[in-house]
Amino acid sequence: MTSPAARARAHAAQVVDRVRAGRTLDDALDELFGHLPAGLSEERSLIQEMAYGAIRWHFQLAPLTRHLLDKPLAAKDSDLDSLLHVGLYQLLYMRVVPHAAVNETVSATVVLNKDWARGLVNAVLRRALRELEMLRERITSDETLALATPDWLLARLQAAYPEDWRRVAMAANARAPLTLRVHAGRIERAAAIEKLAAGGYAAHPVETVDSAITLATPAPVDALPGFRDGELSVQDAAAQLAAPLLDVRNGQRVLDACAAPGGKAAHLLERTPALQLVALDVDRSRLARIRENFTRLGVHGDIVHGDAATPADWWDGQPFDRILLDAPCSATGVIRRHPDIRLHRQPGDLERLAATQARLLDSLWPILAPGGKLVYVTCSILPEENRQGVAAFAARQPQARPLPLPHPALAQHARADGLGYQILPGTADMDGFYYAGFEKSGTGPA
Ligand SMILES: C[S@@+](CC[C@H](N)C(=O)[O-])C[C@H]1O[C@@H](n2cnc3c(N)ncnc32)[C@H](O)[C@@H]1O
């Protein structure tokens, strides 16, 4: 018989192994949780903590595991390697009784049907326990290990932020807060905070973002008072800037060109319900998420399947007054929420993404009305996708007049680069986001 604690370690190792093979962490966890019997909330949160932690510190745990193993494990035993990562994560980062953690991790080999590896896992983790101080010293004395960031990304960060690249890289290892968006049409922010407090959830307002509140301690969102009724949504405070920055008015035609799962589109409609909003996405499977969100929040927009780079396929010929382009990007600004990004992103992705972003900007520009505004957003912190991309766009499109984006959050917390604004992860507890705005010169209704 294996204990729940040993099963949790085995499950965490399986999730880590799938992520290392290319799955996203959210998908791998969802799939596992879909197969677990109902309940088991303690076991689920332990699995989640260990899987997130082992992925967050992957670029530290992998070399340390290699160092502790006499010879590398065969490819068919990658699950055992991942189990060792989970074991090491517990010893280095979790407040667990070390010997108990080792014993449960050793027993997890049985759950993985690899009883033969008990001795091996036991020997490696006991050695780690004996050498724990040495391992910690090794981490602090080696920058790549300490920052747990792949070399190519570290080089890009160093080039982009010569003064504080270490801090920027380290911010990706922090745990992100649970930030919520308050539906302005349904409840005032102060009332939402009171309602949460009455339900036992302490929360505080985000000073410079009037729709945002942060929970003092993360909690399952479904349980939060007001969540099911559409008073609250999960959204980082930096993402909550898109709607106010687009500067919309009721009756305007607005395109959210990359809309799924619909967070920013819903926010626009919560603030300004009588917009004529088209929520477009190229991924048909993600349109259902937009629909679910709109329904829960009681907002209305046209949900359209289409490629923003080919408007001829879906556009009705009437120019838009406003366009939001929340472009597909490297997501390097949200690694603290999705640590698997660091495992999956490759240096070559950046060129491809920058080309896509340029194509999207150029394809959407002609369908913006004269006098209309376009806001470009990424959750990237790399200039290749941000400043460089919008500068090249402005050079290609003489009609694109860069817009100042007056907002207290950008004024106080972002770095202005002359065209756009970069929020770095962790600044005022926000995710890393980039915003730039353009107005189309010429006369028109907007
Ligand atoms: C950063 S996410 C958007 C998040 C969304 N705006 C929100 O706030 O909930 C990027 C989205 O762009 C979509 N996408 C990527 N390429 C696209 C294209 N060529 N046309 C339309 N949508 C695209 C992806 O399917 C993905 O859903």
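Higher on the page you've got the structure.
Residues numbered from 1 in each chain as written. Predicted model: local features only at pLDDT ≥ 70, side-chain atom pairs only at ≥ 80, totals over all residues. Heavy atoms only, no water.

J.: In this structure, what is going on with the overall build of the protein chain? I would like to understand it.
T.: Counting its secondary structure elements, the protein chain contains 19 helices and 13 strands. Relative to a compact globule of 446 residues, whose C-alpha radius of gyration would be 22 Å, the protein chain shows 24 Å and is just as compact. Dimensions of the protein chain, computed from the C-alpha atoms along their principal axes, are close to 75 × 50 × 40 Å. The burial tally for the protein chain puts 54% of its 446 residues in the buried class. Here the analysis covers contacts within the protein chain between residues at least 6 apart in sequence; of these, 72% occur between residues at least 24 apart. Carbon and sulfur atoms make up 53% of the accessible area of the protein chain, which totals about 19,200 Å². Here the protein chain holds 49 positive side-chain charges and 52 negative ones, and the gap between their average locations is 2 Å. (Helix = DSSP H or I, 4+ residues; strand = E, 2+ residues; numbered from the N terminus. Rg over C-alpha atoms; globule rule 2.2 N^0.38 Å. Buried < 20%, exposed > 50% of the residue type's maximum accessible area, 1.4 Å probe, protein only. Contact = heavy atoms within 4.5 Å. Areas by Shrake-Rupley, 256 points an atom, 1.4 Å probe, with all protein chains shown as cover. Lys, Arg positive; Asp, Glu negative; His and termini not counted. Charge placed at Lys NZ, Arg CZ, Asp CG, Glu CD.)

J.: What exactly am I supposed to notice about the site of the ligand here?
T.: Taken together, the neighbourhood of the ligand is formed by 18 residues, with Gly263, Asp281, Arg286, Asp307 and Asp326 sitting nearest. A distance of 3.0 Å separates a nitrogen atom of the ligand from a polar atom in the backbone of Cys258. Taking Gly263, its main chain carries an N or O atom lying 2.8 Å from an oxygen atom of the ligand. Taken by itself the ligand offers 600 Å² of open surface, and the protein chains cover 83% of this. Considered class by class, the residues forming the shell around the ligand number 9 nonpolar, 3 polar and 6 charged. (Near = heavy atom within 4 Å. Polar contact = N/O pair within 3.5 Å; in protein donor to acceptor, adjacent residues only side chain to side chain. Nonpolar A, V, L, I, M, F, W, Y, C, P; charged D, E, K, R; others polar.)

J.: So what exactly am I meant to see when it comes to the side chain of His267 here?
T.: Positionally, His267 belongs in helix H14 (residues 263–271). Its relative accessible area of 3% is what places His267 among the buried residues. Ignoring any residue separated from it by four or fewer positions in sequence, one finds His267 in contact with Arg181, Ser211, Gln235, Gln240, Ala243 and Pro244.

J.: Explanation requested: the sheet that holds strand S1 (residues 179–182) in the structure shown.
T.: Hydrogen bonds between backbone groups are what pair the strands of a sheet, and the pairing can be parallel or antiparallel. In spatial order, the strands read S2-S3-S1-S4; together these 4 strands make up an open sheet with antiparallel pairing. Edge positions in the open sheet fall to strand S2 (203–205) and strand S4 (232–234), since each of these has one partner strand only. Strand-to-strand, the axes of this sheet are offset by a mean angle of 35 degrees, without reference to chain direction. The pairing of S1 with strand S3 (residues 212–215) spans 3 bridges and is classified as antiparallel. In the strand pairing of S3, Arg181 is matched with Ala212. (Pairing = 2+ DSSP bridges. Axes fitted to C-alpha atoms, helices over the stretch in contact; angles between N-to-C directions.)

J.: What am I meant to see in the pattern of salt bridges here?
T.: Opposite charge on two side chains makes pairing possible when the charged atoms of those side chains draw close. Following the criterion strictly, the structure yields 28 salt bridges and no others. Residues Glu131 and Arg127 are paired through a salt bridge, measuring 2.9 Å at the closest nitrogen-oxygen approach. Here Lys264 makes a salt bridge to Asp326, at a shortest N to O gap of 2.5 Å. Of the two residues, Lys264 sits in helix H14 while Asp326 sits in strand S8 (residues 320–326), which places them 62 residues apart along the sequence. Asp326 carries the same exposure label as Lys264, and that label is buried. (Salt bridge = Lys/Arg side-chain N within 4 Å of Asp/Glu carboxyl O.)

J.: Explanation requested: the packing of aromatic side chains in the structure shown.
T.: Enumeration according to the criterion identifies 5 aromatic pairs in this entry. Taking the centre distance of 5.4 Å and the plane angle of 80 degrees together, the rings of Trp365 and Phe393 count as edge-to-face. Remark: Phe393 occurs in helix H18 (residues 387–396) and Trp365 occurs in the loop between helix H17 (347–364) and strand S9 (368–378); sequence separation between them is 28 residues. Residue classification places Trp365 among the buried positions, given a relative accessible area of 2%. With a relative accessible area of 0%, Phe393 lands in the buried category. A centroid spacing of 5.2 Å and a plane angle of 75 degrees characterise the contact between Phe393 and Phe438, whose relative ring orientation is edge-to-face. Of this pair, Phe393 sits in helix H18 while Phe438 sits in strand S13 (residues 433–440), and the two are 45 residues apart along the sequence. Here Phe393 and Phe438 have matching classes, each one buried. Three or more aromatic residues joined by ring pairs form one cluster here, namely Trp57, Tyr89 and Tyr93. Positioned above the aromatic ring of Trp365 is the side chain of Lys440, whose terminal nitrogen or guanidinium carbon lies 5.4 Å from the ring centre. (Phe/Tyr/Trp six-rings, centres within 6.5 Å; stacked < 30°, edge-to-face > 60°. Lys NZ or Arg CZ within 6 Å of the ring centre and 35° of its normal.)

J.: Where do I start with the pairing of strand S6 (residues 276–281) in this structure?
T.: Side chains on a regular strand alternate between the two faces of the sheet. The element S6 is largely enclosed, with a buried count of 5 among its 6 residues. Each parallel crossover has a hand, and the one from strand S5 (residues 253–256) via H14 to S6 is right-handed. By the bridge criterion, 4 bridges tie S6 to strand S7 (residues 302–305) in an arrangement that is parallel. Within S7, the residue paired with Val278 across the bridge is Asp302. (Right-handed = clockwise from strand over helix to strand, strands pointing away.)

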